[in-house]
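Take a look at the letters that make up each chain.
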Amino acid sequence: KPESYQWDIPMGDIYPRNSVRKTSRLGSMPNPSEYIRLVNSSVSQGDIQVSYVEVSGPVYDQWPPEAHKRIFFKSGNTDQEPVYAREILADFMTRAWRRKVTTADVEQKLRLFHRMRKSCDSFEEAIVEVLSTVLSSPEFLYLVRDSGKPGKPAQLSEYELATRLSMFLWCSVPDKKLLDLAGQGSLSRPGTLAGEVRRMLADPRSERFSKHFVRQWLDMQLLDFLKPGRELRPLLKEAMQEEPIELFQEMLLRNESVLNFIHADYTMANERLAGHYGLTKVSGNHFRRVSLDPAHQRGGLLTQAGLLAMNSSGEDSNPLKRGIWLLESLLNDPPPPPPPAVPEIDLTDPEIAKMTLKERIEDHRNHPACMSCHVKIDPWGIAFENFDALGRWRDKVKGKPVDATSRLFNNEPLHGMDGLKRFLLKNRQDQFVQALVHKLAVYALGRPLTFADRAGLEEITARVRQQGDGLGTLIKEVAGSELFRTK
């Protein structure tokens, strides 16, 4: 039976023309990626017969679009181009440059508008050309601040505080409310600032913060370079990349303890990832909270498949990489760099080839040149040995039982992943929370921290610990700290 089908497809400008920039491709062919192709396949149960194809566009949900109305807003001066242009420029420049613009700033752009207007067909076209110069200015592209007097940190101005807060939580420029509060001089008041942090975290734009911070914190670009293969399908890799971000967002919305990053009785999964973990009754592509029991051997960041896979050798686990990642990302205690001329493990030696991975590492550690570094790294990494190169649980490797037990340099035993989690929760809570405060402060301030910042970090850590270690609490304390509000 004949049917009509409709697709809404985003397409680029096939014939862009601009009278100012003198660009024209009239008559040129569209990009090959924008062709519509109709192909017979086995799914159709026979040949497709096409009666006609109709292409119409552009299609807008409303006209003018919301983005257009944010620039060309309603005004009583729309019939007076110079006056209306001044209003648009002052409003746009304030938002783009994240500060109150001066009369001289606006006059400079207004003079440019008058020159451009002569060669443009419409008022809107001339305005767009001027706004492009606003966006190409260093005022928009860079966050520039006066560092204040040497040895004495200066307070951020109200507009600088609005910018830092919006870049921190939204990865974008301040909205109208932030700029209005900055203009009133009230944003820096503790109650107002705390209220804005709550409002911004409740906004969907805060998902950008979760995505970008988690990727930087956990060094997840390593996972980007992991090539899909027969076992690591593209959709599984995509789910692995999303899992840590979904966990962070879930904990943030519920203000759960940051210690859940070490261990939690649930995970965030979709159907593809749940199948990888052996979890049942999870269907669909969307992530949701899935309860775990101890038999699943999961919970927290340490057992997430993507983080384990990116710290493997590709074919097998890699205790060295996993140990270093744990120390650097979660405990902020990176090991010293390896000394020069370190001997490599000789896999051509038949005796070494017979050894398990743990036995090879222990043999390698017996070399005097290697012991000083490996004694601080290997025990942490060996605790991950029950997880293979793709983060799947295993009890045996090549017929031999997995031995994930180890001893730290202080002779403290670690009995596999369960023992590692218990040790961290019992002995390293303060270190983990302070490490997360450090990572978050670096992200929020957009600069490396120095020794002078240490007291501020310890103060934030103490307040977070006193209030139950909530992730939302941690973010609120960082945003309200003296460290955040000074240059």
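Because the structure is a prediction, the values reported are computed rather than measured. (Residues numbered from 1 in each chain as written. Predicted model: local features only at pLDDT ≥ 70, side-chain atom pairs only at ≥ 80, totals over all residues. Heavy atoms only, no water.)

Once their charged atoms are close, side chains differing in charge can pair, the charge on each being opposite to the other. One pass over the structure, following the stated rule, counts 28 salt bridges. Here D203 ties to R205 by a salt bridge, and the two come within 3.0 Å at their closest N and O atoms. With relative accessibility at 18%, the residue D203 sits in the buried group. Accessibility expressed as a relative area gives 29% for R205, which makes it partly exposed. With a closest N to O distance of 3.1 Å, D316 and R394 form a salt bridge. With D316 in the loop between α13 (305–310) and α14 (319–330) and R394 in the loop between α17 (368–382) and β5 (396–397), this residue pair connects regions lying 78 residues apart in the sequence. Residue R394 is classed as buried on the basis of its relative accessible area, which comes to 12%. Among the ionic contacts, a cluster of salt bridges with common partners joins D175, K177, E196 and R199. (Salt bridge = Lys/Arg side-chain N within 4 Å of Asp/Glu carboxyl O. Buried < 20%, exposed > 50% of the residue type's maximum accessible area, 1.4 Å probe, protein only. Helix = DSSP H or I, 4+ residues; strand = E, 2+ residues; numbered from the N terminus.)

Time to look at the nonpolar core. F168, L169, F209, F261, L302, W380 and L420 are the most contacted members of the largest nonpolar core, which has 94 residues in total. For this core, the leading source of residues is helix α19 (residues 429–445), giving nine residues. Setting aside anything within four residues of it in sequence, one finds L302 in contact with F261, I262, L308, W325, L326, L330, F384, M417, L420, K421 and L424. Of all hydrophobic cores here, the second largest spans 22 residues; its members include F72, F92, L110 and F123. (Core = buried A, V, L, I, M, F, W, Y, C linked by side-chain atoms within 4.5 Å. Contact = heavy atoms within 4.5 Å.)

Quick look at the pairing of strand β3 (residues 266–269) now. Two faces make up the sheet, and in a regular strand the side chains alternate between them. Of the two faces of β3, the one carrying Y266 and M268 and the one carrying T267 and A269 are both buried. Across four bridges, the pairing between β3 and strand β4 (residues 288–291) is antiparallel. Paired with M268 across the strands is R289, a residue of β4. (Pairing = 2+ DSSP bridges.)

For the rest of this paragraph, the subject is helix α8 (residues 190–202). Across its 13 residues, α8 extends 19 Å between first and last C-alpha, which sits within 8% of the 18 Å expected from 1.5 Å per residue. Listed as buried for α8 are L193, A194, E196, V197, M200 and L201. Mapping the buried residues of α8 onto a view down its axis gives an arc of 160°, with all of them on the same face. Across α8 from its buried face, at more than 90 degrees, point the exposed residues G191, R198 and A202. (Expected span 1.5 Å × (residues − 1). Arc of directions from axis to C-beta.)

With eight of its ten residues buried, helix α21 (residues 471–480) lies for the most part within the structure. Of the positions making up α21, those classed as buried are L471, G472, T473, L474, I475, E477, V478 and A479. The secondary structure elements touched by the buried residues of α21 are α6 (158–169), α8, α9 (206–217), α11 (234–254), α19 and α20 (454–466).

Bringing the environment of D378 into the picture now. Along the chain, D378 falls in helix α17. Separated by 55 residues in the primary sequence, D378 and G323 have C-alpha atoms spaced 6.3 Å apart.

Let's shift gears to the packing of helix α2 (residues 81–97) against helix α4 (residues 123–135). Contact pair α2 / α4: the axes reach a minimum separation of 11 Å and the direction vectors enclose 30°. The orientation of α2 with respect to α4, classified from their angle, is roughly parallel. Viewed along their axes, α2 and α4 form a crossing whose handedness is right-handed. Within the contact between the two elements, α2 uses E81, Y84, A85, I88, L89, F92, M93, A96 and W97 and α4 uses F123, I127, V130, L131, V134 and L135. By residue class, the composition of the contact of α2 with α4 is 14 nonpolar, no polar and one charged. (Axes fitted to C-alpha atoms, helices over the stretch in contact; angles between N-to-C directions. Parallel < 35°, antiparallel > 145°, perpendicular 65-115°, else oblique. Left-handed = near helix turned anticlockwise from the far one by under 90°. Nonpolar A, V, L, I, M, F, W, Y, C, P; charged D, E, K, R; others polar.)

Geometric values such as these leave the question of function open.
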